[in-house]
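These are the residues of each chain, in order.
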2 protein chains.
Amino acid sequence: MSYRVEIKVMPHKELLDPQGKAVLGGLSNLGLQSVSDVRVGKNITLLVEAPSVDQAEAIAREAAEKLLSNPVMEYFEVHAEKA
Amino acid sequence: MSYRVEIKVMPHKELLDPQGKAVLGGLSNLGLQSVSDVRVGKNITLLVEAPSVDQAEAIAREAAEKLLSNPVMEYFEVHAEKA
């Protein structure tokens, strides 16, 4: 069965996020003053062939650990649903 | 009231996604053959001060249109919840 798995990779909350700071500055220049904190990460969607939703998530987790995230600077969340 | 708004920016489905193709090649080299399609986008979280969830989403949508996405190549989705 095919599953569409979303992997969200975000910078750790304790770390400074320079890209987020840059976006915050840009938004403030555009007049969007009500935004006070910005964090920028990646969103990766995979189409995974697996016998169950749990196994699809396990494959995505392995992909995130081995290739898509840097555990020193980032954490990730995985969410799968039927494609 | 404070709202945490997530903006997901992804490449249009009709367009080739070279970064996704590269990730797919990397996953295949790692032995993850059950992954067949990869798309890579951005995930941006904003902390927005607004009187209602609808207005928080409207501010985030404005941020996405003016700064965070390129409508020629990307589409975006916005989702807000109480911070």
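Given the structure is predicted, the values throughout are model-derived calculations rather than measurements. (Residues numbered from 1 in each chain as written. Chains lettered and ligands numbered in written order. Predicted model: local features only at pLDDT ≥ 70, side-chain atom pairs only at ≥ 80, totals over all residues. Heavy atoms only, no water.)

Novice: Residue-level account of the interface of chain A and chain B, with values.
Specialist: At the junction of the two partners, chain A supplies 31 residues and chain B supplies 31 residues. Around 2,600 Å² of area is buried between chain A and chain B when both sides are counted, 62% of it from carbon and sulfur atoms. Where chain A packs against chain B, one counts 4 salt bridges. Asp37(B) is paired through a salt bridge with Arg4(A); the nearest N and O atoms lie 3.8 Å apart. Here chain A is connected to chain B by 12 residue pairs in polar contact (both at pLDDT 80 or more). Mapped by element, the contributors of at least two residues to the side of chain A that touches chain B are strand E1 (2-11), helix H1 (18-29), strand E2 (35-49) and helix H2 (53-68) of chain A. In terms of residue count, E2(A) provides more of the side of chain A that touches chain B than any other element does, 15 residues in total. (Contact = heavy atoms within 4.5 Å. Buried area = accessible area lost by both parts, 1.4 Å probe. Salt bridge = Lys/Arg side-chain N within 4 Å of Asp/Glu carboxyl O. Polar contact = N/O pair within 3.5 Å; in protein donor to acceptor, adjacent residues only side chain to side chain. Helix = DSSP H or I, 4+ residues; strand = E, 2+ residues; numbered from the N terminus.)

Novice: Go over the side chain of Asp17(B) with me, naming the residues and quoting the values.
Specialist: All names here are of chain B. Its location among the elements puts Asp17 in the loop between strand E1 (2-11) and helix H1 (18-29). Although buried, Asp17 forms no salt bridge, and the nearest oppositely charged side chain, Arg39, lies 4.8 Å from it. A polar contact is formed between the side chain of Asp17 and the backbone nitrogen of Val40, at a distance of 2.7 Å. Beyond its immediate stretch of four places on either side in the chain, Asp17 contacts Pro11, Val38, Arg39 and Val40. (Buried < 20%, exposed > 50% of the residue type's maximum accessible area, 1.4 Å probe, protein only. Lys, Arg positive; Asp, Glu negative; His and termini not counted.)

Novice: I'd like a description of the sheet that holds E1(B), backed by residues and values.
Specialist: The strand order across the open sheet formed by 6 strands is E3(A)-E1(A)-E2(A)-E2(B)-E1(B)-E3(B), and the pairing between neighbours is antiparallel. Each end of this open sheet is capped by a strand with a single partner; those strands are strand E3 (74-82) of chain A together with strand E3 (74-82) of chain B. Shown here is a sheet whose adjacent strand axes are inclined to one another by a mean of 25°, direction ignored. Summarising the sheet, E1(A) and E2(A) pair through 8 bridges and their orientation is antiparallel. Counterpart to Arg4(A) in the pairing with E2(A) is Leu47(A). Contacting E2 of chain A together with strand E2 (35-49) of chain B, H1(A) runs over the sheet at an angle of about 120° to E2(A). With respect to the sheet, H2(A) is in contact with E1, E2 and E3 of chain A together with E2 of chain B, its orientation differing from that of E3(A) by roughly 150°. (Pairing = 2+ DSSP bridges. Axes fitted to C-alpha atoms, helices over the stretch in contact; angles between N-to-C directions.)

Novice: Would you mind going over the environment of Leu30(B) in detail, with residue names and values included?
Specialist: On the secondary structure map, Leu30(B) appears in the loop between H1 and E2. C-alpha of Leu30(B) to C-alpha of Ala64(B): the two residues are 34 residues apart in sequence and 35 Å apart in space. If sequence neighbours within four positions are ignored, Leu30(B) has contacts with Lys66(A) and Leu67(A).

Novice: Could you give an account of the pairing of E1(A), with specific residues and numbers?
Specialist: Residue and element names in this part refer to chain A. Among the 10 residues that make up E1, 7 are buried, leaving the element largely enclosed by the rest of the structure. Across 9 bridges, E1 lies against E3 in antiparallel orientation. Of the residues in E3, the one forming a bridge with Met10 is Tyr75.

Novice: I'd like to hear about H2(A), residue by residue, with values.
Specialist: For H2(A), the complete set of buried residues consists of Ala56(A), Glu57(A), Ile59(A), Ala60(A), Ala63(A), Ala64(A) and Leu68(A). Buried residues of H2(A) fall within an arc of 160° about the axis and therefore sit on the same side. For H2(A), exposure combined with an orientation more than 90 degrees from the buried face picks out Asp54(A) and Glu65(A). For H2(A), the elements touching its buried residues are E1, E2 and E3 of chain A together with H1 and E2 of chain B. (Arc of directions from axis to C-beta.)

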